[in-house]
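Results of the structural survey
For reference, the chains in residue letters:
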Amino acid sequence: MALPKSRRLDFTEIPVVDISKLVAGDDDSATIDAIGTACRNIGFVYVKNHGVAPELIDNVLAASGEFFSRPMEDKNKVVLDERLRGYLPLRYRSYEGEDNAATSNQEGFWMGTQRPLNPANRLDGPNVWPENGDALRNAMETYYTAASGLAGHLQRAFSLALGQESDFFARMFDRQQSLLKVNHYPPQDNPTSVSDIGVVPHSDEGGFTILWQDETGGLEIESKSGEWVVAPPLPGTYVINLGNAMQIWTNGEFSSTPHRVINRYGADRYSVPFFAYPRWDTPMKPLFDDTDDDGDVEICEAYQVRKWRRIFPIANIPA
Ligand SMILES: [Fe+2]
């Protein structure tokens, strides 16, 4: 039997916040309050007037579309490495969010900050690019820089919404480990199992995600009542959602909300998530309490490696 249809939200139920003042350097209190309220109550918010030029996304889509259209044997020459750089093959197997393996009806390509290998930090390393991949490299590197700028504005908003100094998160993200990914989801008619959809139900691992999605649709968010609701594409916006790290740092004040992707819409779906991760030695613990005993606290690097080993077995990440 096919999975039941999900409820289609009126988009105002996930607020759309105009962040033009924030982008201009004005930490406008109404903007901060709107973002803070969404972070506490939903964990998702749309932002518009975000300052990222649309042609930067167009360039990423054009270059990644060319790459995704190549033969699988070519794409697999740059298969995902142990620092999550490279090609994630269509219908990869994952243990994300559950004990049983699931199949993701998705392919993707990842990059991060270009750094030399670093024995102290398993996440540092060079990006990998396909042969004749200059267009992809240029488009993704340019977009990565722009998304990092938007991430900085959002970090200020999150800091102030939590009653901290405006640069609280900026100092944590000063040597970011953020990752940029391009996703391609083929259409899927009448999926019958939640273990075989675009992306199985999960919550993101990092600090927060800046998601561009095309007009096809497919993102669904789990409401507090357990009902799956559609987060429709809204041209000119980004979907911002918080990750598990942010939920841990804020001791649950900000919500990392489960979501999934089912492309039921008869056309290919493309999306471009920028996963904002802080410096690798950030402690994974509530940050605003007065006890600063870091005794056995896991750092972000160890946390990410532990999670990625389950989510991306194909990357063969050593323990
Ligand atoms: Fe996600």
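Residues numbered from 1 in each chain as written. Predicted model: local features only at pLDDT ≥ 70, side-chain atom pairs only at ≥ 80, totals over all residues.

1. Regarding the overall build of the protein chain
Threshold: Think of it this way: any DSSP run of H or I at least four residues long counts as a helix, any run of E at least two long counts as a strand, and we number them from the N terminus. Throughout, radius of gyration means the C-alpha value; the globule benchmark is 2.2 Å times the number of residues raised to the power 0.38. Neighbour density around each residue's C-beta defines its exposure: 20 or more other C-beta atoms within 10 Å make it buried, 12 or fewer make it exposed, and counts between make it partly exposed, where C-beta atoms are placed from the backbone. A residue pair is marked as a contact if its C-beta atoms, positioned from the backbone, fall within 7 Å.
Each helix and strand counted, the protein chain has eight helices and 16 strands in total. Whereas a compact globule of 319 residues would reach a radius of gyration of roughly 20 Å, the protein chain reaches 19 Å, a difference of no more than 12%. Dimensions of the protein chain, computed from C-alpha atoms along their principal axes, come out at roughly 50 × 50 × 40 Å. Expressed as a percentage of the 319 residues in the protein chain, the buried residues total 40%. Pairs at least 24 residues apart make up 73% of the contacts formed inside the protein chain by residues separated by at least 6 positions.

2. Brief notes about the sheet that holds strand E1 (residues 7-8)
Quick reminder of the rule: Two strands are said to pair when DSSP picks up at least two bridges between them.
What the five strands build is an open sheet, ordered E1-E13-E12-E15-E10; its pairing is mixed. The open sheet has two free edges, formed respectively by E1 and strand E10 (199-202), since each of these has just one partner strand. Of the strand pairs in this sheet, E10 and strand E15 (residues 259-261) are connected by two bridges, and their pairing is antiparallel. Of the residues in E15, the one forming a bridge with histidine 202 is histidine 259.

3. Quick look at the environment of isoleucine 57
With respect to the helices and strands, the residue isoleucine 57 is situated in helix H3 (residues 54-68). Between the C-alpha atoms of isoleucine 57 and asparagine 316, which are 259 residues apart in sequence, the distance is 30 Å.

4. Let's talk about unusual backbone geometry
Even without being glycine, leucine 84 reaches a positive phi, approximately 60°. The topology assignment puts leucine 84 in the loop between helix H4 (72-75) and strand E4 (86-88).

5. Side note on the packing of H3 against helix H5 (residues 134-161)
The condition that has to hold: Interaxial angles span 0 to 180 degrees and are taken between N-to-C directions of axes, which are lines fitted to C-alpha atoms, for helices over the stretch in contact. Crossing chirality is assigned from the near helix's rotation relative to the far helix, an anticlockwise turn below a right angle marking it left-handed and a clockwise turn marking it right-handed.
Axis separation between H3 and H5 bottoms out at 8 Å; the angle between their running directions is 145°. Between H3 and H5 the crossing geometry is left-handed. Each of Leu56, Ile57, Asn59, Val60, Ala63, Ser64 and Phe67 in H3 lies in contact with H5, whose residues at this interface are Ala135, Leu136, Ala139, Met140, Thr142, Tyr143 and Ala146.

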